[in-house]
Amino acid sequence: MTQGAPRTPARRTVLGAAGAAAFGATAGLAAGTGTARAAETGRPQDRGHGRGHRSLPVPTVIAHRGASGYRPEHTLGSYRHALDLGAHVIEQDLVPTKDGHLVCRHENDITGTTDVADHPEFASRKTTKTVDGTSLTGWFTEDFTLAELKTLRAKERIPGTRQENTLYDGRWTVPTFEEVLRWADEEGRRRGREIWLHVETKHPSYFRSIGLGLEERLAKLLRRYGRHRADSPTFLQSFEPSSMQRMAKLVSTPRVVLLWTADDRPWDFREAGDPRTVADLVTPEGLAWIASYAQGIGPLLDLVIPKDAAGRLGTPTTLVRDAHAAGLILHPYTQRNENAFLPADFRRGTDPAAYGDAFGALKRYFATGIDGIFSDNPDTALLAAADFTDPGAR
């Protein structure tokens with residue numbers, strides 16, 4: 001029994017084909033403040049002939065953990081499906097193994113994203129840790145060698161919401177980032193285009209504190225695979241600004257600072273005694289500081305359009321205008337199709353796992369002038385982007 005509204009493979013195939021077509025429809029290059037102008041007018045600009053992040057279509061569709069609305073997240077199957085659907089950029093989150101390999105998981109706690117609990121040989125590895133001030137009980141990547149981790153299989157993280165995705169439980173292993181880099185090179189040759197990646201360092205202060213610093217390991221791999229230059233088809237990202245400052249000293253790859261709720265203090269700020277919050281970072285002064293070492297921000301969508309007490313979208317903030325004035329691009333997160341994740345005014349029916357009016361919500365977000373968006377459903381986001389840039393084409 002499929003939970004929520006029926007979503008047949010045929011419909012996904014149609015959406016995927018339309019999404020791939022939307023790659024061309026949204027292939028307008030926006031440079032400098034042109035990014036804002038293209039989005040505000042709804043007219044795609046000419047695609048740039050150079051390389052680098054300014055050559056990406058606007059709005060850029062970033063496949064959040066791959067096509068995680070359709071496949072278990074951070075698997076090669078999820079990444080490949082995102083490319084098949086037409087996504088412009090594929091996201092990876094990086095955490096380390098005990099022996100220092102970088103692997104793709106949203107968190108180092110792998111209890112809910114692998115079958116580790118079904119492995120009696122690892123029962124004694126279950127433990128309680130405090131990561132960034134939060135107590136967690138489960139199994140953690142830093143307690144496994146890569147060889148041990150490779151005996152596990154990936155599974156759907158939210159099976160109650162995405163029951164269809166459980167069909168693929170156990171099909172793929174946890175990929176290393178080096179495997180993803182090789183995969184991206186192979187896919188690039190096969191598809192005849194660069195494969196863009198959006199790579200996040202997860203809990204960098206925590207891992208540095210236990211001798212498993214991420215940045216130097218990541219920089220080494222980026223240099224090995226030629227993704228260390230300013231025009232490389234890669235973004236780096238982190239919720240800890242100091243991680244991006246550290247990466248700026250190691251490689252020239254474009255960098256994005258991720259921003260959570262307005263009252264949040266990045267964990268590295270807490271450890272350093274820096275009193276600033278996200279509210280301080282989204283001021284013109286804070287954005288100018290970010291622009292001194294990064295090329296963009298990845299704000300929570302609520303920082304672009306806040307919700308009211310009922311969960312409905314309100315009036316956009318000045319964040320897009322202010323960030324563009326500082327020369328920064330904006331890649332907000334995360335668009336998902338299910339009612340549970342949509343603003344209240346775009347939900348349809350009472351089933352939280354059913355699809356709501358994702359197109360309506362995306363139209364509102366794109367109208368603010370954002371340069372791109374993270375989406376679990378890249379085909380939906382691509383169709384919405386095509387509608388936005390060329391409304392007469394439908």
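Presented here is an overview of the structure given in this document.

Conventions we followed
- Residues numbered from 1 in each chain as written.
- Predicted model: local features only at pLDDT ≥ 70, side-chain atom pairs only at ≥ 80, totals over all residues.
- Heavy atoms only, no water.
- Helix = DSSP H or I, 4+ residues; strand = E, 2+ residues; numbered from the N terminus.
- Contact = heavy atoms within 4.5 Å.
- Areas by Shrake-Rupley, 256 points an atom, 1.4 Å probe, with all protein chains shown as cover.
- Buried < 20%, exposed > 50% of the residue type's maximum accessible area, 1.4 Å probe, protein only.
- Pairing = 2+ DSSP bridges.
- Right-handed = clockwise from strand over helix to strand, strands pointing away.
- Salt bridge = Lys/Arg side-chain N within 4 Å of Asp/Glu carboxyl O.
- Axes fitted to C-alpha atoms, helices over the stretch in contact; angles between N-to-C directions.
- Parallel < 35°, antiparallel > 145°, perpendicular 65-115°, else oblique.
- Left-handed = near helix turned anticlockwise from the far one by under 90°.
- Nonpolar A, V, L, I, M, F, W, Y, C, P; charged D, E, K, R; others polar.

Looking now at the overall build of the protein chain. Counting its secondary structure elements, the protein chain contains 15 helices and 11 strands. Across the protein chain, the fraction of contacts at a sequence separation of at least 24, relative to all contacts at a separation of at least 6, is 67%. Of the roughly 15,600 Å² that the protein chain leaves accessible, carbon and sulfur atoms contribute 52%.

For strand 8 (residues 255-259), a buried count of five out of five residues is recorded, marking the element as mostly surrounded by other parts of the structure. Along strand 8, one buried face is formed by Arg255, Val257 and Leu259 and the opposite face, lined by Val256 and Leu258, is buried too. When strand 7 (residues 234-238) meets strand 8, the two strands line up parallel, connected through three bridges. Each residue of the ladder has a partner; that of Ser238, found in strand 8, is Val257. Viewed along the sheet, the connection from strand 7 through helix 8 (residues 241-250) into strand 8 turns out right-handed. In this structure, strand 8 lies alongside strand 9 (residues 296-299), joined through four bridges in parallel fashion. Across the sheet, residue Val257 finds its bridge partner in strand 9, namely Ile297.

Opposite charge on two side chains makes pairing possible when the charged atoms of those side chains draw close. Scanning the entire structure with this criterion turns up 27 salt bridges. Ionic pairing is found between Lys202 and Glu107, a salt bridge with its closest N-O pair at 3.8 Å. With a gap of 95 residues between them, Lys202 in the loop between strand 6 (196-201) and helix 6 (204-209) and Glu107 in the loop between strand 3 (102-104) and strand 4 (127-131) connect regions that are remote in the sequence. By relative accessible area, which is 26% here, Glu107 ends up partly exposed. Residues joined in a network through salt bridges with shared partners are Arg80, Asp84, Glu187, Arg190 and Arg191.

Now for the environment of Ile210. Residue placement: Ile210 occurs in the loop between helix 6 and helix 7 (215-224). The exposure class assigned to Ile210 is partly exposed, which follows from its relative accessible area of 39%. The sequence separation of Ile210 and Glu142 amounts to 68 residues, and the corresponding C-alpha distance is 9.2 Å.

On to unusual backbone geometry. The amide bond that connects Val58 to the next residue, Pro59, takes the cis arrangement and shows omega of 0°. Relative to the elements of secondary structure, Pro59 occurs in the loop between helix 2 (34-41) and strand 1 (60-63). Cis geometry marks the peptide bond from Tyr333 to Thr334; its omega dihedral reads -15°. On the secondary structure map, Thr334 appears in the loop between strand 10 (329-330) and helix 14 (358-366). In this structure, Arg65 takes a positive phi of about 60° despite not being glycine. Looking at where Arg65 falls in the secondary structure, it is placed in the loop between strand 1 and helix 3 (76-85). Relative accessible area serves as the criterion here: at 6%, Arg65 is assigned to the buried category. Of note, Asp132 is a non-glycine position whose phi angle comes to about 50°, a positive value. Following the sequence through the fold, Asp132 ends up in the loop between strand 4 and strand 5 (134-138).

Running from N to C, helix 7 and helix 8 cross one another at 40°; their axes reach a closest spacing of 10 Å. Here helix 7 lies oblique to helix 8, going by the angle between them. Regarding helix 7 and helix 8, the two cross each other, and that crossing is right-handed. Across from Glu215, Glu216, Leu218, Ala219, Leu222 and Arg223 in helix 7, the residues of helix 8 making contact are Ser243, Arg246, Met247 and Leu250. Looking at the contact of helix 7 with helix 8 residue by residue, the class counts come to five nonpolar, one polar and four charged.

Scope: geometric values only; no functional claims are made or implied.
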